[in-house]
Amino acid sequence: MHTHDQLLQNVSQVLPTDELLCDLADLFKVFGDSTRIKILYALFESELCVCAIAELLGMSQSAISHQLKVLKDSNLVANRREGKTIYYFLADDHVRKMIAQGFEHLIEERNEAK
């Protein structure tokens, strides 16, 4: 039998706090909804107002607004006002990278399965 003492000590020293890991899990839960993923992908391409996103996804503006609030509360999207219209966009480059890497992973996985 072998011991894992040194390995476990090394890992435990770099393991984030439970609070931070719970926050990370909550962030990934936001990505678990296909409507939110569609919104994020649309915003990956261009900033859009609620009515444009609703039209693009064939959903009501109130349903889109609800999902945008979840995304905004998770700091994944931000907005700016122009007159009475509010435009939404990806909050920062990290969000863009997460989406891009997710797609890259899926494409790579599917190519390997062929």
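Residues numbered from 1 in each chain as written. Predicted model: local features only at pLDDT ≥ 70, side-chain atom pairs only at ≥ 80, totals over all residues. Heavy atoms only, no water.

1. A few points about helix H6 (residues 93-113)
The cut-off we apply is this: The numbering of helices and of strands both runs from the N terminus, where a helix is a DSSP run of H or I of at least 4 residues and a strand a run of E of at least 2. Between the first and last residue of a helix there are one fewer steps than residues, each counted as 1.5 Å, and that sum is the expected span. Side-chain atoms alone can form a polar contact between residues adjacent in sequence; in general such a contact is a pair of N or O atoms within 3.5 Å, and within protein one must be able to donate a hydrogen while the other accepts it.
Its 21 residues place the ends of H6 30 Å apart at the C-alpha level, agreeing with the 30 Å of an ideal helix rising 1.5 Å per residue. You can read the cap of H6 off the contacts: a side-chain oxygen lies 2.9 Å from the backbone nitrogen of His94, and it is on Asp92.

2. A short note on the pairing of strand S2 (residues 77-82)
Under the convention used in this document: Only strands that DSSP links by at least two bridges are regarded as paired with each other.
As paired strands, S2 and strand S3 (residues 85-90) are joined by 6 bridges and run antiparallel to one another. Paired with Ala78 across the strands is Phe89, a residue of S3. Hairpin connection between S2 and S3: a loop of 2 residues separates the two successive antiparallel strands, and Gly83 in this loop has a positive phi of roughly 65°.

3. Here's the deal with the packing of aromatic side chains
The condition that has to hold: Pairing of aromatic side chains here covers Phe, Tyr and the six-membered ring of Trp, requires ring centres within 6.5 Å, and sorts the geometry by plane angle: under 30 degrees stacked, over 60 edge-to-face, intermediate tilted. Each residue gets one of three labels from its accessible area relative to the maximum for its type: buried under 20%, exposed over 50%, partly exposed in between, using a 1.4 Å probe on protein chains only. Only Lys NZ and Arg CZ are tested; either one counts as a charge over a ring when it is within 6 Å of the ring centre and within 35 degrees of the ring normal.
Applying the stated rule across the entire model yields 3 aromatic pairs. A ring pair is formed by Phe28 and Phe31, whose centres lie 6.3 Å apart and whose planes are at 40°; its orientation type is tilted. Measuring from ring centre to ring centre gives 5.8 Å for Tyr41 and Phe44, while their planes differ by 5°; the resulting arrangement is stacked. Residue Tyr41 and its partner Phe44 are both found in helix H3 (residues 34-45); the two are separated by 3 residues, about one turn of the helix. Residue Tyr41 is classed as partly exposed on the basis of its relative accessible area of 36%. Among the aromatic residues, ring-to-ring pairing joins Tyr41, Phe44 and Phe103 into one connected group. Between the NZ or CZ atom of Arg96 and the centre of the ring of Phe44, over which it lies, the distance is 4.7 Å.

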